[in-house]
Amino acid sequence: MAMDWFFILQLLMSSVFLLVILCRYRAAAKSKKTRGRSLGMTQWPIVGVIPAIVSNIHRIFEGVTGLLALSHLNYQCRFWFAGFRYFITCDPANVRHIFTSNFENYPKGDVFAQMFDILGGGIFNSDGEKWRRQRTKAQMLMTTPRYRGFVERSTLEKAENSVLPYLAHVAGTAGATCDLQDVFMRWSFDTTSKLVYGVDPGCLAIGLPEVPFARAMDDALRTVFLRHIIPVTIWKAMRRLDVGHERKNAAAQRTADSFVAATIASRRAAHRKHGADKSAADLLSSFICDEEVADDPDADQYIRDMTLNLLVAGRDATSSALSWFFYLLATNPRVEQKLLEELAPIAARKKPTGGGMVAFEAGELKNLLYLHAAVCECLRLYPSLPMEHKAVVARDVLPSGHEVRPGDKILVFNYSMGRMKRVWGPDCREFRPERWISEDGKKLRYVPSNKFVAFNSGPRTCLGKEMVLVQMKVTVAAVAWNFAVEVVPGHVVEPKLSIILHMKNGLLVRVKRRSGNPAAMTSRQQ
Ligand code: HEM
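Remember, predicted model here, so these are calculated numbers, not experimental data. (Residues numbered from 1 in each chain as written. Predicted model: local features only at pLDDT ≥ 70, side-chain atom pairs only at ≥ 80, totals over all residues. Heavy atoms only, no water.)

Let's shift gears to the overall build of the protein. Within the protein, the secondary structure is distributed over 20 helices and 9 strands. Across the 526 residues in the protein, those meeting the buried criterion constitute 56%. Look at the contacts in the protein between residues 6 or more apart in sequence, and 73% of them connect residues 24 or more apart. Accessible area for the protein stands at about 22200 Å²; split by element, carbon and sulfur atoms hold 56% of it. (Helix = DSSP H or I, 4+ residues; strand = E, 2+ residues; numbered from the N terminus. Buried < 20%, exposed > 50% of the residue type's maximum accessible area, 1.4 Å probe, protein only. Contact = heavy atoms within 4.5 Å. Areas by Shrake-Rupley, 256 points an atom, 1.4 Å probe, with all protein chains shown as cover.)

Written out as structure tokens, the structure is:
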């Protein structure tokens, strides 16, 4: 019961913050005669709009997007009690300033590290020299041709041996439905675990075994999200008292720690017994063999933090991107058709693999413009990290003219950036891969990273970007070519309240094996 009361308290504290944001949104909406676009909140005596806000908390991304559209891409919110000094932005000029030109003034900050305590002292949580050293090391290991080859091979193997057989199994069952988001979360846990630890835990096996680590990560990330909108003093008190989501988070950390510790210990044991495995390309093996890391007195803690950070990055962000991709494809038959037409000439040259299905190698897909454009377009509309958090070291004036001071928190809303007419034009909400391709259809357009923020911008740009593009293209091509995917009618797709843009209700789809030449017949015709 105590847990329920603290959950209600969490919601109320969050709603005070949302109250400020959404009331401002409503006022702006009224003044611009756009009442129809407001969230339709009812005013109650004493509690005002709080009940409406609590029931709308899951719509925070759209609420903030509406607010930013009406307040010229930036919104400053300073509130009287501790922890509420926010600057919210999706302004490309401010993003360039914060992430690149004046990078040193905008670290992630101590509060970020405390909020993401599950990640320990890993790369996501570090600033300054500690971050620089980790980034250099991770970048060195992740950009070798050996590692790239490993990514390409294991992604193709996973598509051929797990994803396609699992979907074929679903297609053969009565109803032929599955939660595609769950499939991709299992897929990405398996593939990232293989790349980081050299072990595929088999989460995508037929029968879909329960994975405590995956559940633990969901609990931890939900807590991190709530920590962004609950005053620091409140969530820290809850952590000390071990109640509500903080209690779940503590349990999640124990689960994650024991999984990672056991994996490191067994790899070290194998390393001691048989010596370095020269053929192993996974990151854990590389860290264990690295002399610089071995000299670190806290080597195990360093490896724990580094690998767990990479695992979290890979599992959650990539599965979110793939889920939204298939949602967009299922609801945009025109794009699906063009994608299949682009794949058709390659498929025609290939021999079908097991079960008569076709999987594509990374090298075969790397020059496909439409596939690349569609993946970027998906991430523009549904960036896996919907917002990013920055601290302020010294007083500064942003290109938008806003002043920020030490102690302010900056929230960059990646989700809103892709939905701003003044950034992406009047059709910004449409899924239109063509916007990424030059008019003559021969090359990709250059889009600066302060406008396409899905992979971050500046010195902290995502280290997994190239690898993710390979993984997404191989998986998208294999699934889209062999299966018609349709969202089950009536299933509501909406973002979940989380630090990663997962879908609240999953993605319930009906899966059908394609036959003949899929490019000649779209899913809706089959
Ligand atoms: C669709 C998938 C992905 C997206 C959209 C994405 C996006 C991002 C974003 C927005 C950041 C900045 C986060 C922050 O500063 O708080 C980031 C950082 C990072 N990403 Fe990714 N990411 C994806 C997948 C991956 C994968 C698969 C890996 C590697 C396993 C990876 C490795 C990293 C690392 C190491 C950083 C930290 C960089 C630094 O702080 O210097 N990412 N990513």
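Attention now goes to the pairing of strand β9 (residues 508–513). Where strand β3 (residues 177–179) and β9 come together, 3 bridges link them in antiparallel fashion. When the sheet's bridge partners are listed, aspartate 179 is paired in β9 with leucine 508. In this structure, strand β8 (residues 483–487) lies alongside β9, joined through 5 bridges in antiparallel fashion. Each residue of the ladder has a partner; that of alanine 484, found in β9, is lysine 512. (Pairing = 2+ DSSP bridges.)

Turning our attention to the site of the ligand. The immediate surroundings of the ligand are formed by 24 residues, with Lys108, Trp131, Arg135, Arg460 and Cys462 found nearest. With respect to the ligand, the side chain of lysine 108 contributes an N or O atom lying 2.7 Å from an oxygen atom. Every element with two or more residues in the shell around the ligand is listed here: α6 (128–142), α14 (299–330) and α20 (465–482). For the shell around the ligand, the leading source of residues is α14, giving 6 residues. In terms of residue class, the shell around the ligand is built from 15 nonpolar, 5 polar and 4 charged. (Near = heavy atom within 4 Å. Polar contact = N/O pair within 3.5 Å; in protein donor to acceptor, adjacent residues only side chain to side chain. Nonpolar A, V, L, I, M, F, W, Y, C, P; charged D, E, K, R; others polar.)

Right, let's get into the sheet that holds β3. Here 3 strands make up an open sheet; going across it, the order is β3-β9-β8 and the pairing antiparallel. Strands at the two margins of the open sheet, each flanked by one partner only, are β3 and β8. Put simply, the sheet's adjacent strands are angled 35° from each other on average, direction ignored. Its contacts with the sheet place helix α8 (residues 180–197) against β3, β8 and β9, and it is angled at close to 55° to β3. (Axes fitted to C-alpha atoms, helices over the stretch in contact; angles between N-to-C directions.)

Turning our attention to helix α11 (residues 244–274). Taking 1.5 Å per residue as the helical rise, α11 with its 31 residues ought to reach 45 Å, and the 46 Å between its terminal C-alpha atoms agrees with that figure. Among the residues making up α11, those that are buried are Gly244, His245, Glu246, Asn249, Ala252, Gln253, Ala256, Val260, Thr263, Ile264 and Arg267. Glycine 275 sits one or two residues past α11 and shows a positive phi near 80°. (Expected span 1.5 Å × (residues − 1).)

Moving on, we come to the confidence of the model for the protein. With 87% of its residues at a pLDDT of 70 or more, the protein has an overall mean of 86. Low confidence marks residues 32–41, where pLDDT is under 50. Its contacts with residues over four positions away, or in another chain, come to 17 contacts. Scored below 50 in pLDDT, residues 46–53 makes 17 contacts in the model with residues more than four places away or belonging to other chains. (pLDDT = per-residue confidence, 0-100.)

A few words now on the environment of isoleucine 288. With respect to the helices and strands, isoleucine 288 occurs in helix α12 (residues 283–289). Judged by relative accessible area, isoleucine 288 falls into the buried class, the value being 8%. Taking C-alpha positions, isoleucine 288 is 8.4 Å from histidine 271, a pair spaced 17 residues apart along the chain. Setting aside its immediate chain neighbours within four residues, isoleucine 288 contacts Ile264, Arg267, Arg268, His271 and Ile303.

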